[in-house]
Amino acid sequence: MHQLGEALGAGWVAPAGPVPRAFEAAISEATGLPHVLATSSGTAALHLGFRTLGLEAGDEVWTSTLTFVATIAPALQMGAKVRLFDVDPASGLMDIELLRQELAAAARRGRLPRVVVPVDLYGSPVDMPALRDACDAWGVPVLSDSAEAMGASLGNRHAGAGARAAVFSFNGNKIVTAGGGGALASDDARLIEDARRLANHAKEDGPLYQHDSAGYAYGMSSVLAAVGLAQMVVLDVRVQARRAIHARYRAALSDLPGASFLAEPPGGRANRWLTVLRIGPEARLHRDTLRRALDAAGIETRAVFKPLHLQPILRGAPVAGGAQAAALFQEGLCLPSGSALTREEQSRVIAAIRAAWPS
Ligand SMILES: *Cc1c(COP(=O)(O)O)cnc(C)c1O
């Protein structure tokens, strides 16, 4: 944590100075994305992504229905219309075939989306080449919500690479954290330059306080950047730890009738930020029954995200399919997956799940 002392000692506690730049360089190094802006949150980075891609009120944004609300909240605030997509049941990721069909139909109607936002759910990378292939056919840019996917990869590329821009989160619950924070990353220097200006009150270069548009206070403070920088060093270790936890759950529970786990897409290496146990109908055990049994044993688990098409704020939004996401929501339980989970703690979780499972 010597960077923290350095940041404070040098008087750099504002979102300027060398520490946020060093954090950005570390993110660039880890992701292979050459241009990075560190932000106050992943949600702020999404907002800047929408702004720099030219999203305007009335434009359409297409995304997976199975995600955390932050994926889409900035677009809703900007007055965009959201179209939601079902997921592939094996991976829980946006159904790319469905996207391909809907893009063709939208092109026939003459109303393509302004941006498509795939989500690397629970740290599983979407098949970016396939997604890009579908979107490039119509010139639609991709903003990747890779908030949960730091350290995940597909082939030899990091999650989010290949999109016009990718978003990462360093919120306290993510695999590496700055306590709070995010990043917008891209191959495009201009896009990140635009985002950087917007994040700093849209202040134009030069000594005078000149503003040509209304910006935001979305920069990351030096204090948090120092924390994030220290965490980047342990990213690989964290990914290995979470993957090992996932592998052990899989080995210890897969024989239970109806039990299954989300699959990595072909060629993908998930960071397994959270392990999702799926409790299929064959189990004759409701997800919430299991959740309550574990809770009574002092084990905290969480339901899979409630799909956006079932959320009151998106009532009436068009949705392509939705049944797969709804089923995953009903049957999915996020198990304790923290990098610091000990073998003994995990054994206790496994034993409690086996005890609650009808034989
Ligand atoms: C955490 C998260 C975000 C938002 O990141 P914050 O840093 O908390 O603003 C966005 N999308 C997804 C899928 C997330 O899990």
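Conventions adopted
- Residues numbered from 1 in each chain as written.
- Predicted model: local features only at pLDDT ≥ 70, side-chain atom pairs only at ≥ 80, totals over all residues.
- Heavy atoms only, no water.
- 1 Å grid on protein atoms, 1.4 Å probe; cavity = no way out; pocket = protein on both sides within 12 Å on 5 of 7 lines; lining within 4 Å.
- Points joined across faces, edges and corners; volume = space filled by probe spheres on them.
- Nonpolar A, V, L, I, M, F, W, Y, C, P; charged D, E, K, R; others polar.
- Buried < 20%, exposed > 50% of the residue type's maximum accessible area, 1.4 Å probe, protein only.
- Helix = DSSP H or I, 4+ residues; strand = E, 2+ residues; numbered from the N terminus.
- Contact = heavy atoms within 4.5 Å.
- Axes fitted to C-alpha atoms, helices over the stretch in contact; angles between N-to-C directions.
- Left-handed = near helix turned anticlockwise from the far one by under 90°.
- Parallel < 35°, antiparallel > 145°, perpendicular 65-115°, else oblique.
- Phe/Tyr/Trp six-rings, centres within 6.5 Å; stacked < 30°, edge-to-face > 60°.
- Lys NZ or Arg CZ within 6 Å of the ring centre and 35° of its normal.
- Patch = residues over 30% accessible without salt bridge, like charges linked within 9 Å, V, L, I, M, F, W, Y side chains within 5 Å.
- Areas by Shrake-Rupley, 256 points an atom, 1.4 Å probe, with all protein chains shown as cover.
- Salt bridge = Lys/Arg side-chain N within 4 Å of Asp/Glu carboxyl O.
- Expected span 1.5 Å × (residues − 1).
- Polar contact = N/O pair within 3.5 Å; in protein donor to acceptor, adjacent residues only side chain to side chain.
- Pairing = 2+ DSSP bridges.
- Near = heavy atom within 4 Å.

> Provide a residue-level description of empty space enclosed by the protein, including the pertinent values.
Applying the stated rule across the entire model yields one cavity of 30 Å³ or more. Of the pockets and cavities examined, the largest cavity occupies roughly 50 Å³. Surrounding the largest cavity, Ser91, Leu121, Tyr122, Ser124, His246, Leu262, Arg272, Leu274, Thr275 and Val276 form its lining. Residue composition of the lining of the largest cavity, by class: five nonpolar, four polar and one charged.

> Tell me what's going on with helix H11 (residues 323-331), and back it up with residues and numbers.
Taken together, the buried positions of H11 are occupied by Ala325, Ala326, Leu328, Phe329 and Glu331. Lining the buried residues of H11 we find strand E12 (275-279), helix H10 (287-296) and strand E15 (332-335).

> How would you sum up the packing of helix H9 (residues 235-253) against helix H12 (residues 343-356)? Please name residues and give values.
Where H9 contacts H12, the two axes come as close as 11 Å, and the packing angle between them is 35°. Crossing of H9 over H12 shows right-handed handedness. Between H9 and H12, the residues in contact are Ile245, Arg248, Tyr249, Ala252 and Leu253 and Arg343, Gln346, Ser347, Val349, Ile350, Ile353 and Arg354, respectively. Split into classes, the residues belonging to the contact of H9 with H12 amount to seven nonpolar, two polar and three charged.

> Please give an account of the packing of helix H2 (residues 18-31) against helix H8 (residues 222-232) that cites residues and values.
For the pair H2 and H8, the least separation of the axes is 8 Å and the interaxial angle reads 30°. With respect to H8, the axis of H2 lies roughly parallel. Remark: the crossing between H2 and H8 carries left-handed chirality. Contacts between H2 and H8 pair Val19, Pro20, Ala22, Phe23, Ala26, Ile27 and Ala30 from the former with Ser222, Ala225, Ala226, Gly228, Leu229 and Met232 from the latter. Residue classes in the contact of H2 with H8 are distributed as eleven nonpolar, two polar and no charged.

> Hey, could you go over the packing of aromatic side chains for me, with residue numbers and the actual values?
Summed over the entire model, instances satisfying the criterion amount to six aromatic pairs. Measuring from ring centre to ring centre gives 5.2 Å for Tyr122 and Phe305, while their planes differ by 10°; the resulting arrangement is stacked. Here the residue Tyr122 occupies a position in the loop between strand E4 (115-117) and helix H6 (128-136), and Phe305 occupies one in the loop between strand E13 (302-303) and strand E14 (319-320), the gap between them amounting to 183 residues. On the accessibility criterion, Tyr122 (4% relative accessible area) is buried. Taken together, the aromatic side chains of Phe68, Tyr122, Trp273 and Phe305 make up a single cluster linked through ring pairs. Over the ring of Tyr209 we find Lys203, and its NZ or CZ is 5.3 Å from the ring centre. Positioned over the ring face of Phe329 is Arg287, at 5.5 Å from the centre of the ring.

> How would you summarise a nonpolar patch on the surface if you had to cite specific residues and measurements?
The grouping of Phe68, Val69 and Ile313 at the surface amounts to a nonpolar patch, some 270 Å² of accessible area in total. Here Ile313 shows up in the loop between E13 and E14. For Ile313, a relative accessible area of 55% gives the class exposed.

> Before we move on, could you go through helix H5 (residues 96-109) and cite the residues and values that matter?
Taking 1.5 Å as the rise per residue, H5 with 14 residues should run 20 Å; its terminal C-alpha atoms sit 20 Å apart, in good agreement. Listed as buried for H5 are Ile96, Leu98, Leu99, Glu102, Leu103, Ala105 and Ala106. Where H5 is buried, its residues meet strand E2 (60-64), strand E3 (81-85), E4, H6 and E14. For H5, the side-chain oxygen to backbone nitrogen distance between the N-cap and Glu97 is 3.1 Å, and the N-cap itself is Asp95.

> Outline the sheet that holds E15, supporting the account with residue identities and numerical values.
Across the sheet, which stays open at both edges, the four strands sit in the order E10-E12-E15-E13 with antiparallel pairing between neighbours. Where the open sheet ends on each side, the last strands, each with one partner, are strand E10 (259-261) and E13. Inspection of the sheet shows E13 paired to E15 by two bridges, in the antiparallel sense. Bridged to Arg302 within E15 is Cys334. Relative to the sheet, H9 contacts E10, E12 and E15, its axis offset from that of E10 by approximately 155°. The strands touched by H10 are E12, E13 and E15; relative to E15, the strand with the most contacts, the crossing angle is about 25°.

> Summarise the site of the ligand; cite the residues concerned and give the values.
By nearness alone, 15 residues border the ligand, and Gly42, Thr43, Glu148, Ser169 and Lys174 come closest of all. Between an oxygen atom of the ligand and a main-chain N or O atom of Gly42, the distance comes to 2.8 Å. Take Asp145: an N or O atom from its side chain is 2.8 Å from a nitrogen atom of the ligand. Within the complex, the protein chains bury 92% of what would otherwise be the 380 Å² of accessible surface of the ligand. Counting residues per element, the shell around the ligand draws most heavily on helix H3 (residues 42-52), which supplies three residues. Each residue belonging to the shell around the ligand can be placed in one class, and the counts come to four nonpolar, eight polar and three charged.

> Would you mind going over the side chain of Thr52 in detail, with residue names and values included?
Tracing the backbone shows Thr52 in helix H3. Polar contacts involving the side chain of Thr52 include one to the main-chain carbonyl oxygen of Gly49, which spans 3.1 Å. Those residues in contact with Thr52, other than ones at most four positions away along the chain, are Leu191, Asp194, Ala195 and Leu198.

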